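A look at the structure
In case you want the letters, here they are:
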Amino acid sequence: MSVKRLLVITIFSVTFAIFAPTSLRLAVAAGPVHKMHTANMKWWKAARFGMFIHWGLYSVPAGVWHGKRVPGYGEWIKNNAHIPNREYNALAKKFDPVDFNAEQWVKIAREAGMKYIVITSKHHEGFCMFNTKATHFNIVQDTPWHKDPLAMLSAACRAQGIKFCTYYSIMDWHSRDQLPAHASATHPTYNPTHFAPGRAVAYLHYMERQIHELITQYHTHLIWFDGGWMHGWNKPLARDLYHYIRSIDPTVILNNRIGFGYGDYATPEQHIPPRGIPGPWETCMTINTTWGYVSWNHKWKSSALLIHHLIECASGGGNFLLNVGPTAKGIIPQPEVKRLLAIGKWLKVNGQAIYGSHRTPFDGKLSYGYATQKPGRLFIEVTKWPRSHTLVVPMRNTITKAYLLADGKKLKTAKGPDGQSVYLPSAAPDPVATVIVLKIADPVRPLR
Ligand code: JFZ
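As the structure is a computational prediction, the values presented were derived from the model and not from experiment.

1. Focus: the overall build of the protein chain
Scanning the protein chain from terminus to terminus reveals 12 helices and 18 strands. The C-alpha radius of gyration computed for the protein chain amounts to 23 Å, which stays within 12% of the reference 22 Å derived for 448 residues, consistent with globular compactness. Along the first, second and third principal axes, the C-alpha atoms of the protein chain reach 75 × 50 × 40 Å. Scored against the burial criterion, the 448 residues of the protein chain give a buried share of 58%. Long-range pairs, those at least 24 residues apart, make up 71% of the contacts in the protein chain between residues at least 6 apart in sequence. Accessible area for the protein chain stands at about 18,400 Å²; split by element, carbon and sulfur atoms hold 57% of it.

See below:
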């Protein structure tokens, strides 16, 4: 490991808090991806839009502990409210998601136009949301519900044509193989953990057993690792885990948070890198400001903003993984469903410009919106309708045909000094984003 990398990780681990500064987040999340890519990235690259699901024991307190609101992410409550193990473990007895309906969740994802779901199989809290033989601390054995939501979701995904994927945290606040940052019987701080003396390999084997279960029992298409900033997670461990997964199933896609340059794609968080980054990448984002359900968090992003984010990701050649935080009863909150359906409605009309598309050919920002492309076609997603009712597309290519994607209405074009002009209707047909299709001979030859 290079000194610089060690330094970055050390600084990150020490200062990591819920509101880690963006520069540090990027240093870790957008780090280089390993050369050995799975040959199976095709579906993932074409998918462009997925559903992240943060669901676990933390959904029970839902951001409130002993009657007080706990600031920060809901899934971090064990750390942020300094909850002792015994008290936290008891939450399992209150976790009874009687309203859970796997078909319904997958249907919501499908209607939103999402092509894959990534659900927390085990978050930092260590509670397993699947039927694992490696620990009793799991939803089937330790809750009054006694069911396996991952089995039901995996089956529902298969039936509805959605790729089933799982999140897995390397850091574990419950495992005896890891020790909290500040141990205290009444006021522990877990993050970042470190390995108990001599327990790193034992923990690696625990993870390997569970990863084996996720692949063989649930056919996870992708594993979204996280929590690799725990102290003691190192390159030999990451390499062993990586090769172990490849040996069971070489087609399983891995994100880069397995660490140390391994993995297939980069994972900027809560942030979209302007015009993308080289190599495959995916921005994950919350709809409000927490991943796990928090009953009092109502800071909802608008549907329009979320549609713009999806377009911006596609335009940068990346995916958008949008999070929902279901309640402890198993319900995806209505404000989230409402926004997802609005995105799905837009995608039904404009999906051609997003799914299977390639990044913008332009280096500079377009004042009126974004661009994506496919062979022979350039798509302009107009988010700010120009007052001149004219799009100036900064390219040399002659446009053979221009039309509105929504209704096929033809548009006039002309060659100008700054590129090709496309004459628009006076008002935006879709105030959120109107897609213009330009037929051209490849490749696009940008003017700037
Ligand atoms: C992590 C988790 O701690 C969080 O609870 C949530 O699951 C989120 C999706 O991922 O948080 C991180 C992880 C990595 C970075 C920042 C926050 N990072 O690399 O900058």
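2. Quick notes on the sheet that holds strand S11 (residues 319–324)
Within the open sheet, the seven strands sit side by side as S9-S8-S5-S4-S1-S11-S10. Their pairing is parallel. Across the chains shown, the open sheet's two edge strands, defined by having one partner strand only, are strand S9 (253–254) and strand S10 (282–285). Here strand S1 (residues 49–53) pairs with strand S4 (residues 116–122) via four bridges, running parallel. By the bridge assignment for S4, Ile53 is matched with Ile119. Where helix H9 (residues 200–218) meets the sheet, it contacts S4, strand S5 (163–169) and strand S8 (222–226), and its direction lies at approximately 170 degrees from that of S5.

3. Here we look at the packing of aromatic side chains
Going through the model one piece at a time under the given rule, you end up with 23 aromatic pairs. Within the aromatic cluster, the residues linked to one another by ring pairs are Trp55, Phe95, Phe100, Trp105, Phe127, Phe137 and Trp145. Between the NZ or CZ atom of Lys78 and the centre of the ring of Tyr190, over which it lies, the distance is 4.4 Å. Sitting over the face of the ring of Tyr355, Lys115 holds its NZ or CZ atom 4.3 Å from the ring centroid.

4. Description of the environment of Thr186
Structurally, Thr186 is set in the loop between strand S6 (178–179) and strand S7 (194–195). The exposure class of Thr186 is exposed, given its relative accessible area of 65%. Sequence spacing of Thr186 and Pro84 is 102 residues, and the spatial spacing of their C-alpha atoms is 6.0 Å. Apart from the residues lying within four places of it in its own chain, the contact partners of Thr186 are His82 and Pro84.

5. What about the environment of Lys410?
Note that Lys410 resides in the loop between strand S15 (401–404) and strand S16 (413–416). Not counting residues within four places of it along the chain, the set of residues in contact with Lys410 comprises Lys401, Ala402 and Tyr403.

6. Structural notes on the packing of H9 against helix H10 (residues 235–248)
Where H9 meets H10, the axes come as close as 10 Å, and the angle between the chain directions of the two elements is 25 degrees. One element, H9, and the other, H10, form an angle in the roughly parallel class. In the crossing of H9 with H10, the sense of the turn from one axis to the other is right-handed. Here Ala200, Leu204, Met207, Glu208, Ile211, His212 and Ile215 of H9 lie close against H10, whose contacting residues are Leu237, Asp240, Leu241, Tyr244, Ile245 and Ile248.

7. Digging into the domain arrangement of the protein chain
Accessible area lost when the parts come together is the quantity often used to give the size of an interface. Considered domain by domain, the protein chain is made up of domain 1 (3–353) and domain 2 (369–440). Here the C-alpha centre of domain 2 lies 38 Å away from the C-alpha centre of domain 1. Listed per partner, the contact involves 12 residues of domain 1 and 14 residues of domain 2. Carbon and sulfur atoms make up 64% of the surface buried where domain 1 meets domain 2, a total of about 1,200 Å² over both sides. Where domain 1 touches domain 2, the interface holds zero salt bridges. Those elements that place two or more of their residues in the side of domain 1 that touches domain 2 are helix H11 (303–315) and helix H12 (334–350). Counting residues per element, the side of domain 1 that touches domain 2 draws most heavily on H11, which supplies seven residues.

8. Describing the nonpolar core
By size, the foremost hydrophobic cluster in this structure holds 117 residues, and its most contacted members are Phe225, Trp233, Leu322 and Leu340. For this core, the leading source of residues is H9, giving eight residues. Those residues within four positions of Leu340 in sequence are excluded, and the remaining contacts are Met51, Ile108, Ala112, Met114, Ile287, Leu322 and Val324.

9. Structural notes on the environment of Ala371
Looking at the secondary structure, you find Ala371 in strand S12 (residues 369–374). Considering only alpha carbons, one finds Ala371 and Glu381, 10 residues apart in sequence, at a separation of 6.0 Å.

10. Overview of the confidence of the model for the protein chain
The predicted model of the protein chain has a mean per-residue pLDDT of 92, with 91% of residues at 70 or higher. Segment residues 1–35 is flagged for pLDDT under 50; beyond a separation of four residues in sequence, or across chains, it makes 57 contacts in the model.

What counts and how
Residues numbered from 1 in each chain as written. Predicted model: local features only at pLDDT ≥ 70, side-chain atom pairs only at ≥ 80, totals over all residues. Heavy atoms only, no water. Helix = DSSP H or I, 4+ residues; strand = E, 2+ residues; numbered from the N terminus. Rg over C-alpha atoms; globule rule 2.2 N^0.38 Å. Buried < 20%, exposed > 50% of the residue type's maximum accessible area, 1.4 Å probe, protein only. Contact = heavy atoms within 4.5 Å. Areas by Shrake-Rupley, 256 points an atom, 1.4 Å probe, with all protein chains shown as cover. Pairing = 2+ DSSP bridges. Axes fitted to C-alpha atoms, helices over the stretch in contact; angles between N-to-C directions. Phe/Tyr/Trp six-rings, centres within 6.5 Å; stacked < 30°, edge-to-face > 60°. Lys NZ or Arg CZ within 6 Å of the ring centre and 35° of its normal. Parallel < 35°, antiparallel > 145°, perpendicular 65-115°, else oblique. Left-handed = near helix turned anticlockwise from the far one by under 90°. Domains from an automatic or database assignment. Buried area = accessible area lost by both parts, 1.4 Å probe. Salt bridge = Lys/Arg side-chain N within 4 Å of Asp/Glu carboxyl O. Core = buried A, V, L, I, M, F, W, Y, C linked by side-chain atoms within 4.5 Å. pLDDT = per-residue confidence, 0-100.

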